[in-house]
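Summary of structural features
Listed here are the chains, written in short residue letters.
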Amino acid sequence: MADVVSGVASTLLGNLATKSFQEIALACGLKDDVKKFESSLKTIKAYLIDAENKEAKNHSIDEWLKQLREAFDDAGDILDEIEYEAKLNEVVKLYGSVCTKIRRFFSYTSNPLAFRIRMAHKIKDMKQKMDEKIREGRKLGIVEQYVNTPTLEQNLPWRETASSLSSRVCGRLEEKGEIIKSLMTQKSEANSIDVISIVGIGGLGKTTLAQMVYNDTRVKVNFDPLMWVCVSDDFDVKKLIQRIIHAATKRENFVDANFSLEYMISLLNQTLHGKKFLLVLDDVWNENHNKWDELRNHLLEAGGDKGSKIIVTTRSRKVADIMGSNLVMKLEGLPENECWRLFAKCAFEEEKEEEKYPRLKQIGEQIVKKCKGVPLAITTLGFLLRSKCHDENEWRKIRDSEVWNLDQEETDILPSLKLSYNHLPSEVKQCFSYCSCFSKDYEYVAIDLILFWMAHGLLQPTREEEDAEDIGELYIKKLVSTSLLQIEGDSNPYFDFKNLMTFKILKMHDLVHDLARLTMKESSRTRTVMQEGRQEALIEWTSDKFNYLRVLHLTKYMESSSLPDDCFATMKKHLRYLHLQAGNCRNLKKLPDSICKLQNLQSLSLRGFDGLQKLCKNMKNLIYLQYLHLEMEITSLSSMNIGRFQQLKFLYLYNCSKLVSVPSVVGRLTTLKKLGFIFCEKLVNFEDEEEEGKQHVNLNLQVFFIDGLEKLEALPKWLERATKLQYLRIRTTGIKSLPTRLPMTSLEEFYIVACEELSSLPNMDQTHNLQYLKISYCPELYTRYNKNTGPDWPKIAHIPQCEVSSNNLSHNVTNLTTLLLCMHIEDTEDEDDDDEGLESLPVDEEGKKEKKKIIIALSLCNVFA
């Protein structure tokens, strides 16, 4: 527990050291009090280094650590209160009326002098608590220890991509062949679906083996559709049917969870009728025979008795028996030679590199034997040792660690995972532990995970030029490099930049999630509410337990038809992350005014609010907002005073179908780093600068992407001042020309897709950093820049990865759309009534327009291209 408490101490010290808090402390007259408290905190942190070594042998230290954790939580809340009051004063100074200013001056809670005295007393009390804990620690035999921790950059090997990770699969070819042979064998019984179960302890590679089978060409030829569903602990038949339909249609929001079970079953029948499908149910724990019988019967009813098969991965033999498996593949550990091959691929960067280090090879072979043939153990330790830069002493420490000697049950956390965790820097340990706040099999989007960590104060820049998001990306790369997180791909096709971490999807192995949960020592106060599905109706918005809430993340389906006016009032001092997804609140006309009191709010995400046309008039009070994601019917960004958000770093508008123009003030947001507009179909223009003098202000914009803006004919002129632009994507627009002075010197990736009117590129002479250029479905550009006959090909030939593809956009989209519709008609066609095919197609809840169907078809064209 000492490492967890030490992480909390590091977070507090990081908060105190930030330039913004130093300025607040100075303005509030608390600088000296804060400095004394900081000194005590540093001493405590030195004691925690020794406590980590001694806590296993002295249980009194564990109790001391628990009390210290509570004291740290109190201190964090006091710092939040100071920060909140300072920010509120700033808002009142900017926008408050004379009456408001007078009332606050004579208020005991907000008068500057009264507030300073009150906070000074609280800080002194906290310092006394810290000093008392230091004295208690000494009595327990704990002494101060100081160590020089190397910076994370020194330890971090650069990124491991998803493709390179997949190439490290070793062995299991015999098991794969046996499963494929069983899949190709005809059904053993009528009125049944053959089930193949892969059984083994955690980390043996059950999921990897299933993926090897799933992606085999022979399997893809013999089964259609192929469906992959992660099950885990929740074997809810209705939810599983929903996921199966999503997997079959490849459309995540095709089925609303509020649909009745009967309707979902009818959709399942339409989707799978007459199909020979393969369904993979990954990580099944259900031992209830009735639940499995119910799901199997629905699959049979849908027509799954025509050679369809199911593959199940599970840790339990009982699960395999309950599901009536035709073949049970019980996985054992990898053979010794395959273990070494896998380890060498992970621990060394180059093939056969281990031959250059015979002593390391000898130590490595001894470590591999301790892993007992478990691929997950071998992989995590291999990556850990790769980061040690061939340091023989570090390799010996891993081999000789006492962790290997702990009593080990089959269901325990693997010693190798504990070792990987132990070798993480303390600041990364905390971030890793907080991943357990999400459910197992959760698909983290990198930017959301980073904002979540930010909300809990885990990403504190130590230098003025550092950015919290950059630190978060560095931590993610560290966790990926040690296989504690895995990159699964991009969150959607609009964000498929090669080297941009922001939109990558990350997953965590269930055993690794168990480790994160084990190391997560939660506060006694509620800091996080993460709810999915339809549980939101149970929220008591004004409950006292929300007083210290920092993260409120409600996804999928909010049951209430409206939100109480004061629902955010109790959260105003501490809430930093607010994510709301509409569901049944889809027609909400107005947000509660109390949202404007969230002075500490850093990120706001409002998704799926079709009836919401404007935000509260006092949204300008959220002057410290850094991330804004809107999916609503907003008509104007000016109405929400977008120019007031002087801390805004990320602005993303999706499906804002009534937005007509973007005000020029967006081009004066110098803190903005990422900007995107997708499916804002009425967007016509970006307004030009109103004042000539403003054009000399350089922007910090790094990422700009637009898609589905068919009426947009030109990019904003202020983009010429985005001299740090690195990633640019322009897709499905009416743009006819690009800015003549578009900054290209920093650009690393440039994508132009489906811009039929665009006829030329800007000057490509300065593209020294450009690594990727992709042009597709742009006939004018293809004519000029294609490799074979394009007269201007030499202008882009120097770019390392350059792709200019032809294809007639209208012809391809029309053909593919027709093909998709014909496939749907064929799937839903009734033998007795051939005319019901189109009418029986399920209607998407969002009522997608025909234009968007064509854009989706275009996305598929791009994939197939």
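The structure this text deals with has already been given above.
Residues numbered from 1 in each chain as written. Predicted model: local features only at pLDDT ≥ 70, side-chain atom pairs only at ≥ 80, totals over all residues. Heavy atoms only, no water.

**Thoughts on the environment of L653**
Looking at the secondary structure, you find L653 in strand β14 (residues 650–654). The exposure class of L653 is buried, given its relative accessible area of 0%. C-alpha separation for the pair L653 and L606, spaced 47 residues apart in sequence, amounts to 10.0 Å. Excluding residues within four positions of it along the chain, L653 makes contact with L630, I634, L637, L659, G676, F677, I678 and C680. (Helix = DSSP H or I, 4+ residues; strand = E, 2+ residues; numbered from the N terminus. Buried < 20%, exposed > 50% of the residue type's maximum accessible area, 1.4 Å probe, protein only. Contact = heavy atoms within 4.5 Å.)

**Points about a positive patch on the surface**
Residues K589, K658, K682 and K711 make up a contiguous surface patch of positive charge. Position of K589 among the secondary structure elements: in the loop between β11 (577–581) and β12 (603–609). Looking at K589, the relative accessible area reads 62%, which means it is exposed. (Patch = residues over 30% accessible without salt bridge, like charges linked within 9 Å, V, L, I, M, F, W, Y side chains within 5 Å. Areas by Shrake-Rupley, 256 points an atom, 1.4 Å probe, with all protein chains shown as cover. Salt bridge = Lys/Arg side-chain N within 4 Å of Asp/Glu carboxyl O. Lys, Arg positive; Asp, Glu negative; His and termini not counted. Charge placed at Lys NZ, Arg CZ, Asp CG, Glu CD.)

**Here we look at the environment of V753**
Tracing the sequence through the fold places V753 in strand β20 (residues 749–753). The class for V753 is buried, based on a relative accessible area of 3%. Along the chain, V753 and S776 lie 23 residues apart, while their C-alpha atoms are 5.0 Å from each other.

**Regarding the pairing of strand β2 (residues 226–232)**
Of all the seven residues making up β2, six are buried; the element is thus mostly covered by neighbouring parts of the structure. Bridge count for β2 against strand β3 (residues 278–284) is six bridges, and the pairing is parallel. Looking at β3, one finds that L226 is bridged to L278. (Pairing = 2+ DSSP bridges.)

**Regarding the pairing of β12**
Counting buried positions along β12 yields seven of seven residues, so the element is predominantly enclosed. The sheet contact formed by β11 and β12 spans five bridges and is parallel. Considered in β12, the bridge of L578 is made with L604. Direction of pairing for β12 relative to strand β13 (residues 627–632): parallel, over a ladder of five bridges. For L604, the partnering residue across the bridge sits in β13 and is L628.

**Some details on empty space enclosed by the protein**
Considering all chains together, one arrives at four cavities of 30 Å³ or more under this definition. Of the volumes computed, that of the largest cavity is approximately 90 Å³. Lining of the largest cavity is provided by I447, I450, L451, M454, D467, A468, E469, Q626, Y627, K649 and F650. Among the secondary structure elements, those contributing two or more residues to the lining of the largest cavity are α22 (446–455) and α23 (468–481). The greatest single-element share of the lining of the largest cavity, amounting to four residues, is contributed by α22. (1 Å grid on protein atoms, 1.4 Å probe; cavity = no way out; pocket = protein on both sides within 12 Å on 5 of 7 lines; lining within 4 Å. Points joined across faces, edges and corners; volume = space filled by probe spheres on them.)

**Observations regarding the sheet that holds strand β8 (residues 504–507)**
The strand order across the open sheet built from three strands is β6-β8-β7, with neighbouring strands paired in antiparallel fashion. Each edge of the sheet is formed by a strand with only one pairing partner; in this case those strands are β6 (444–445) and β7 (486–490). In terms of strand pairing, β7 meets β8 through four bridges, oriented antiparallel. In the sheet register, D490 faces β8, and the bridge partner there is K504.

**A few points about the sheet that holds strand β5 (residues 327–330)**
By definition, the strands of a sheet pair up through backbone hydrogen bonds, in either a parallel or an antiparallel sense. With parallel pairing, five strands are arranged side by side in an open sheet as β2-β3-β4-β1-β5. In this open sheet, the two strands that pair with only one neighbour each are β2 and β5. Taken pair by pair, the neighbouring strands of this sheet meet at an average axis angle of 15 degrees, ignoring direction. Bridging between strand β1 (residues 194–199) and β5 involves four bridges; their strand directions are parallel. The residue bridging S197 from the neighbouring strand is V328, located in β5. (Axes fitted to C-alpha atoms, helices over the stretch in contact; angles between N-to-C directions.)

**A word on helix α20 (residues 415–422)**
Of all eight residues in α20, six are buried; the element is thus mostly enclosed. The set of residues buried in α20 consists of P415, S416, L417, L419, S420 and Y421.

**Comments concerning the packing of helix α9 (residues 173–184) against helix α10 (residues 206–214)**
Between α9 and α10, the least distance of the axes is 10 Å, while the angle of their chain directions is 55 degrees. As judged from the angle between their axes, α9 and α10 are oblique. Seen along the crossing, α9 lies across α10 with a hand that is right-handed. Contacts from L173, E175, K176, I179, I180 and L183 of α9 reach α10 at L209, M212 and V213. (Parallel < 35°, antiparallel > 145°, perpendicular 65-115°, else oblique. Left-handed = near helix turned anticlockwise from the far one by under 90°.)

**Topic: the packing of aromatic side chains**
Aromatic rings considered in pairs are described by the distance between their centres and by the relative angle of their planes. Taken as a whole and judged by the stated rule, the model has 23 aromatic pairs. Here the aromatic rings of F497 and Y751 are separated by 5.7 Å at their centres, their planes lie at 65 degrees, and the arrangement is edge-to-face. Here the residue F497 occupies a position in the loop between β7 and β8, and Y751 occupies one in strand β20, the gap between them amounting to 254 residues. Per residue, the accessibility class of F497 equals that of Y751, and both read buried. Here the aromatic residues F503, Y627, F650, Y652, Y654, F679 and F705 are joined through ring pairs into a cluster of three or more. For the cation-ring pair, K429 lies above Y421, with the distance from its terminal atom to the ring centre recorded as 5.3 Å. Stacked on the ring of Y548, the Lys or Arg R525 has its end atom at 4.5 Å from the ring centre. (Phe/Tyr/Trp six-rings, centres within 6.5 Å; stacked < 30°, edge-to-face > 60°. Lys NZ or Arg CZ within 6 Å of the ring centre and 35° of its normal.)

**Some thoughts on the nonpolar core**
I311, F432 and W453 are the most contacted members of the largest nonpolar core, which has 107 residues in total. No other element matches the nine residues that α22 contributes to this core. Beyond its immediate sequence surroundings of up to four residues, F432 is in contact with Y421, L424, L479, L484, M508, V512, L515, A516 and T519. In terms of nonpolar packing, the next biggest core, distinct from the first, is built from 84 residues, V529, L669, F750 and L773 among them. (Core = buried A, V, L, I, M, F, W, Y, C linked by side-chain atoms within 4.5 Å.)

**Comments concerning the side chain of S481**
Tracing the sequence through the fold places S481 in helix α23. Of the polar contacts made by the side chain of S481, one reaches the backbone oxygen of K478; its length is 2.8 Å. (Polar contact = N/O pair within 3.5 Å; in protein donor to acceptor, adjacent residues only side chain to side chain.)

**Observations concerning the state of the cysteines**
Under the criterion given, the structure shown has zero disulfides. C339 carries a free sulfur, and the closest cysteine sulfur to it, the one in C371, is 7.9 Å from it. The thiol of C431 is unpaired, and the distance to the nearest cysteine sulfur, on C435, comes to 7.7 Å. Under the relative-accessibility criterion, C431 is labelled buried at 0%. (Disulfide = S-S within 2.5 Å.)

**Re the pattern of salt bridges**
A full pass over the atoms with the stated rule returns 40 salt bridges. For E83, the salt bridge goes to R576, with nearest N and O atoms at 3.5 Å. Of the two residues, E83 is situated in helix α4 (residues 59–95) and R576 in the loop between β10 (551–554) and β11; the sequence distance between them amounts to 493 residues. For E83, a relative accessible area of 18% corresponds to the buried category. Given the relative accessible area of 7%, R576 is considered buried.

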